[in-house]
There are 2 protein chains.
Amino acid sequence: MSKEIHQRLKEIIAATAPGERLLAEPKLAEQLGVSRATLREAMRIFETRGFLRRRQGVGTFVVRPTQVIESGLEVLESIETLSDRIGLSVAMGDCQLVDCVADEVIAEKLGVEQGSKTLRISRVILADERPAAFLVDTLRPDVLAPEEVGTNFKGSVLDVLLKRGDPPLKHSRTEINAFAADSDVARALDIQRGDSVLHFESLLYTIEDEPIDYSLSYFLPGYFKFHVVRRVG
Amino acid sequence: MSKEIHQRLKEIIAATAPGERLLAEPKLAEQLGVSRATLREAMRIFETRGFLRRRQGVGTFVVRPTQVIESGLEVLESIETLSDRIGLSVAMGDCQLVDCVADEVIAEKLGVEQGSKTLRISRVILADERPAAFLVDTLRPDVLAPEEVGTNFKGSVLDVLLKRGDPPLKHSRTEINAFAADSDVARALDIQRGDSVLHFESLLYTIEDEPIDYSLSYFLPGYFKFHVVRRVG
DNA sequence: CAGTGGTCTAGACCACACG
DNA sequence: GTGTGGTCTAGACCACTGA
């Protein structure tokens, strides 16, 4: 049943001009002859592919094709630098700076004592006025003070560090995974719990191989296109 | 509500020995004081993190911690070679060889005429007797004949080509994304529709930069750990 | 066969956006 | 206030597994 609805939805989306609203869920469900739950289940696939966008209290819209931010993973670049280079404009949404105490995981990653102070920077990146990425950096406090972030912060910790030039940075090690959004990520990216996002877990090292920034990134599929060239043997 | 259930589920899972079964969904839902739908929604997160495994007609089990297959993405290696090197055993599940006609996408990717013949190899990779990856390769027919795949095929097209040594291969370009499983992928990996998987879309090139293999890979989170080193600037 | 997860239904209430 | 999507409920039937 749901597979059939998937197909019919596909046709409906194709027949709807980008930016236009779909029928309200109860009406659409009735028209398709299924329950709202089934309809929503079928819609989920299209949401996470970036074809539909739901907005509570407003409606469900067919997404305007947006320019994707494409990048190779061999070089570490901030999303801001990247989009500048491509000629795309992104903005920063919610940004929070919080002093945190290192839990076990953080302590091990950053090589600091458990319970020591760290700086956590969370923010949302908007592309096309829509949340497209959610970034959480946790930094050693001796590396960056909150004041340095304050004004003119565009969303990239990397760019701040690079601009300052100290400490000199070498590379990051990034683990890549898929991830079902939990409540926090879902709220930040304005999606539903359980929707899939691309997840990077990354450690940034100085040229002396000291880890200084542990960062978690969550990317909405459809807005980014990361690639890597893999050589044979 | 569901966030609270999430927390309680976490405790229940932690208190259950790996390999053990949870209570049946209706009972567990009643015990937690929520509907079955809500319980299932909360479970979804744990499934896609690899902590729970559902089996229709049998029950829901706490997953035994399995060794993850970890690999850098800079070098192209088959899962089989990889797991051999790590000392892990994987097996091939369902394998299908099908002659296909190139649609528009395939034709463009492989640089062949639309409508020309291609060979499609689909198979499932089992780790710990559980589907962990679903791979679909589409090859130019002049590159590989079905007979060459037939016997002794362990699941890796790459290994077959490398062993033969002709044509010589250079690299692959791989795009990385998250992906909500559609019915086909869900069935192959024995998960629910909509669950998130890691998705690679990859083109394999010869040393003469001819594309010969277009491959789609779907990885169950929790069984693989892919990483990449990104150098600064 | 009985018991499990997979799917679907019809209805309800809520939080939210917008006029 | 009205209409939207977000969430939850109680119940039903199905397909599948294993004894």
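Parameters at a glance
- Residues numbered from 1 in each chain as written.
- Chains lettered and ligands numbered in written order.
- Predicted model: local features only at pLDDT ≥ 70, side-chain atom pairs only at ≥ 80, totals over all residues.
- Heavy atoms only, no water.
- Helix = DSSP H or I, 4+ residues; strand = E, 2+ residues; numbered from the N terminus.
- Expected span 1.5 Å × (residues − 1).
- Buried < 20%, exposed > 50% of the residue type's maximum accessible area, 1.4 Å probe, protein only.
- Contact = heavy atoms within 4.5 Å.
- Domains from an automatic or database assignment.
- Buried area = accessible area lost by both parts, 1.4 Å probe.
- Salt bridge = Lys/Arg side-chain N within 4 Å of Asp/Glu carboxyl O.
- Polar contact = N/O pair within 3.5 Å; in protein donor to acceptor, adjacent residues only side chain to side chain.
- Phe/Tyr/Trp six-rings, centres within 6.5 Å; stacked < 30°, edge-to-face > 60°.
- Pairing = 2+ DSSP bridges.

J.: It is not clear to me how helix α3 (residues 36-48) of chain B should be interpreted in this structure. Could you clarify?
T.: Two residues of an α-helix separated by three or four positions point the same way, owing to the 3.6 residues in each turn. All names here are of chain B. Spanning 13 residues, α3 covers 18 Å between terminal C-alpha atoms, matching the ideal 18 Å at 1.5 Å per step. Buried within α3 are the following residues: Leu39, Ala42, Met43, Arg44, Ile45, Phe46, Glu47 and Thr48. After α3 finishes, the residue Gly50 shows a positive phi value of roughly 85°.

J.: Help me understand the side chain of B:Ser122 in this model?
T.: Within the secondary structure, B:Ser122 sits in strand β6 (residues 117-127). Other than its neighbours up to four places away in sequence, B:Ser122 contacts B:Asp94, B:Cys95, B:Gln96, B:Phe134, B:Leu135 and B:Val136.

J.: How do you make sense of the domain arrangement of chain A when you look at a structure like this?
T.: A common way to report how large an interface is uses the accessible area buried once the components associate. Residues and elements named next belong to chain A. The domain architecture assigned to chain A consists of domain 1 (2-62) and domain 2 (69-227). The gap between the C-alpha centroids of domain 1 and domain 2 is 32 Å. Contacts between the two partners involve eight residues from domain 1, matched on the other side by ten residues from domain 2. Together domain 1 and domain 2 conceal approximately 700 Å² of surface at their shared face, both sides included; 30% is due to carbon and sulfur atoms. Three residues, Arg44, Thr48 and Arg53, lead the burial of domain 1 against domain 2; their summed loss comes to 67% of the area buried on that side. Connecting domain 1 to domain 2 are two salt bridges. Where domain 1 touches domain 2, the interface holds four residue pairs in polar contact (both at pLDDT 80 or more).

J.: How should the pattern of salt bridges be read in this particular structure?
T.: Opposite charge on two side chains allows them to pair when their charged atoms are near. All names here are of chain A. All chains considered together, the criterion is met by 36 salt bridges over all chains. Of the charged contacts, one joins Asp190 and Arg53 as a salt bridge, the two residues approaching to 2.8 Å between their closest N and O atoms. With Asp190 in the loop between α8 (183-189) and β9 (196-206) and Arg53 in strand β1 (residues 52-55), this pair connects stretches of sequence that are 137 residues apart. A relative accessible area of 15% places Arg53 in the buried class. Residues joined by salt bridges that share partners form a network here, namely Glu25, Arg36, Arg40, Glu47 and Arg54.

J.: Looking at this structure, how should I read the packing of aromatic side chains?
T.: Each aromatic ring pair is summarised here by two numbers: the centre-to-centre distance and the angle between the ring planes. Residues and elements named next belong to chain B. All told, the structure shown has 14 aromatic pairs over all chains when counted by the stated rule. Between Phe200 and Phe219, the ring centres sit 5.1 Å apart and the planes meet at 70°, which makes this aromatic pair edge-to-face. With Phe200 in strand β9 (residues 196-206) and Phe219 in strand β10 (residues 211-219), this residue pair connects regions lying 19 residues apart in the sequence. Since its relative accessible area comes to 5%, Phe219 is described here as buried. For the ring pair Phe219 and Phe226, a centre distance of 5.0 Å and an interplane angle of 65° mean the geometry is edge-to-face. The same class applies to Phe219 as to Phe226, namely buried.

J.: Explain the interface of chain A and chain B to me, please; I cannot follow it from the model alone.
T.: Taken together, the contact pairs 50 residues of chain A with 50 residues of chain B. On the chain A side of the interface with chain B, the three residues burying the most area are A:Ile176, A:Arg230 and A:Val232, jointly 17% of the side's total. Counting every contact that joins chain A to chain B gives eight salt bridges. Between B:Arg193 and A:Glu41 there is a salt bridge, and its shortest N-O distance comes to 3.9 Å. Viewed at the interface, chain B and chain A are joined by 28 residue pairs in polar contact (both at pLDDT 80 or more). When residues of the side of chain A that touches chain B are traced back to their parent elements, those giving at least two are α1 (2-14), α3 (36-48), β3 (69-72), β4 (75-76), β8 (169-180), α8, β9 and β11 (224-232) of chain A. Here β11(A) runs beside strand β4 (residues 75-76) of chain B; their pairing, made up of two bridges, is parallel. Among the inter-strand pairings, A:Arg231 is bridged to a residue of β4(B), identified as B:Val75.

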